[in-house]
Amino acid sequence: DTAVSQTPKYLVTQMGNDKSIKCEQNLGHDTMYWYKQDSKKFLKIMFSYNNKELIINETVPNRFSPKSPDKAHLNLHINSLELGDSAVYFCASSQDPSDQPQHFGDGTRLSIL
Amino acid sequence: GQQVMQIPQYQHVQEGEDFTTYCNSSTTLSNIQWYKQRPGGHPVFLIQLVKSGEVKKQKRLTFQFGEAKKNSSLHITATQTTDVGTYFCAGQGVSGTYKYIFGTGTRLKVLA
């Protein structure tokens, strides 16, 4: 059973479109995250939710909007996609936000044409 | 803001050689985690260090947390081809923020 699963695995779309990435974890964790990994492999935190409450909101364009309908799900919606949004987006979860291992999903590779 | 740098950026070693990556934070850390990401894969948690001066071992891997809790290292003894990947440290600050800042990563290639 996959612990943290993201869909889709690949997303190829045109500039200006709106797209969503979904994430689900079956580990019973309270905390979920979105990370962006660029072409140079830098991993940057974007958002984190703990028990459906937003606790980390980094400086990202407001075209990115996370939503956590329940503890097990964290989705990411992106409006008006731009070329610079091309990256791999990783979802992760942890037991709680403080000093706990993070379990990552397989990633969603987003390519903007 | 908090920054976490890793050196070297890349390392090529012959199989059987040792390898070390160093992680340096601009601020004091509450704890530090290490992750490994295989090519095309996702980061996988390796270990967490919490105490000043802590040393932990996992088979051929030795992890160290500095006395000032601002730096850390990962040492691999006698590398194998299965060690190939990018190694990241991730530090959590003491300032009350929950976020982990990931280091810049060290990409390891092992030549057979």
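In what follows, the structure referred to is the one given above.
This one's a predicted model, so the numbers in the text were calculated from it and none came from an experiment.

What counts, and at which threshold
- Residues numbered from 1 in each chain as written.
- Chains lettered and ligands numbered in written order.
- Predicted model: local features only at pLDDT ≥ 70, side-chain atom pairs only at ≥ 80, totals over all residues.
- Heavy atoms only, no water.
- Buried < 20%, exposed > 50% of the residue type's maximum accessible area, 1.4 Å probe, protein only.
- Helix = DSSP H or I, 4+ residues; strand = E, 2+ residues; numbered from the N terminus.
- Pairing = 2+ DSSP bridges.
- Core = buried A, V, L, I, M, F, W, Y, C linked by side-chain atoms within 4.5 Å.
- Contact = heavy atoms within 4.5 Å.
- Salt bridge = Lys/Arg side-chain N within 4 Å of Asp/Glu carboxyl O.
- Axes fitted to C-alpha atoms, helices over the stretch in contact; angles between N-to-C directions.
- Disulfide = S-S within 2.5 Å.

Give me the pairing of strand β1 (residues 4-7) of chain B: which residues, what numbers.
All names here are of chain B. A one-sided burial pattern is seen for β1, the buried positions being Val4 and Gln6 and the unburied ones Met5 and Ile7. The pairing of β1 with strand β3 (residues 19-25) spans four bridges and is antiparallel. Within β3, the position partnered with Gln6 by the bridge is Cys23.

Outline the nonpolar core, supporting the account with residue identities and numerical values.
Counting 20 residues, the largest nonpolar core has Trp34(B) and Phe63(B) as the members making the most contacts within it. Beyond its immediate chain neighbours, meaning those up to four positions away, Phe63(B) contacts Trp34(B), Leu46(B), Ile47(B), Leu49(B), Glu54(B), Val55(B), Lys56(B), Gln58(B), Ser73(B) and Leu74(B).

Account for the pattern of salt bridges, naming residues and giving values.
All names here are of chain A. Throughout the structure, instances matching the rule amount to six salt bridges over all chains. For Glu82, the salt bridge is made with Arg63, and the minimal N-O distance between the two is 3.5 Å. With Glu82 in the loop between β8 (73-78) and β9 (87-94) and Arg63 in the loop between β6 (53-57) and β7 (64-70), this pair connects stretches of sequence that are 19 residues apart. Classification of Glu82 as partly exposed rests on a relative accessible area of 42%. Two residues, Asp85 and Arg63, come together in a salt bridge whose shortest N-O distance is 2.8 Å.

Can you break down the sheet that holds strand β8 (residues 71-76) of chain B residue by residue, with the values?
All names here are of chain B. One open sheet holds the five strands; their spatial order is β1-β3-β8-β7-β6, and the pairing between them is antiparallel. The sheet terminates laterally at β1 and β6 (55-58), the two strands that pair on one side only. Each strand of the sheet is rotated relative to its neighbour by a mean of 15°, with strand direction disregarded.

Summarise the state of the cysteines; cite the residues concerned and give the values.
All names here are of chain B. Within this structure, the stated rule accounts for two disulfides over all chains. Covalently, Cys23 is tied to Cys89 through a disulfide, its sulfur atoms 2.0 Å apart. Residues Cys23 and Cys89 are joined through a disulfide that is right-handed, its torsion about the S-S bond being 80°. Residue Cys23 is located in strand β3, and its partner Cys89 is located in strand β9 (residues 85-93); the two are separated by 66 residues in the primary sequence. Grouping residues by exposure puts Cys23 and Cys89 together as buried.

Describe in detail the sheet that holds β8(A), supporting the description with residues and values.
All names here are of chain A. In space, the four strands of this open sheet follow the order β1-β3-β8-β7, with antiparallel pairing throughout. Edge positions in the sheet fall to β1 (4-7) and β7, since each has one partner strand and no second. On average, each strand axis in the sheet is tilted by 15° relative to the strand beside it, whichever way the strands run. One ladder, built from four bridges, connects strand β3 (residues 19-25) with β8; its direction is antiparallel. When the sheet's bridge partners are listed, Glu24 is paired in β8 with His73.

What is shown is where atoms sit, not what they do.
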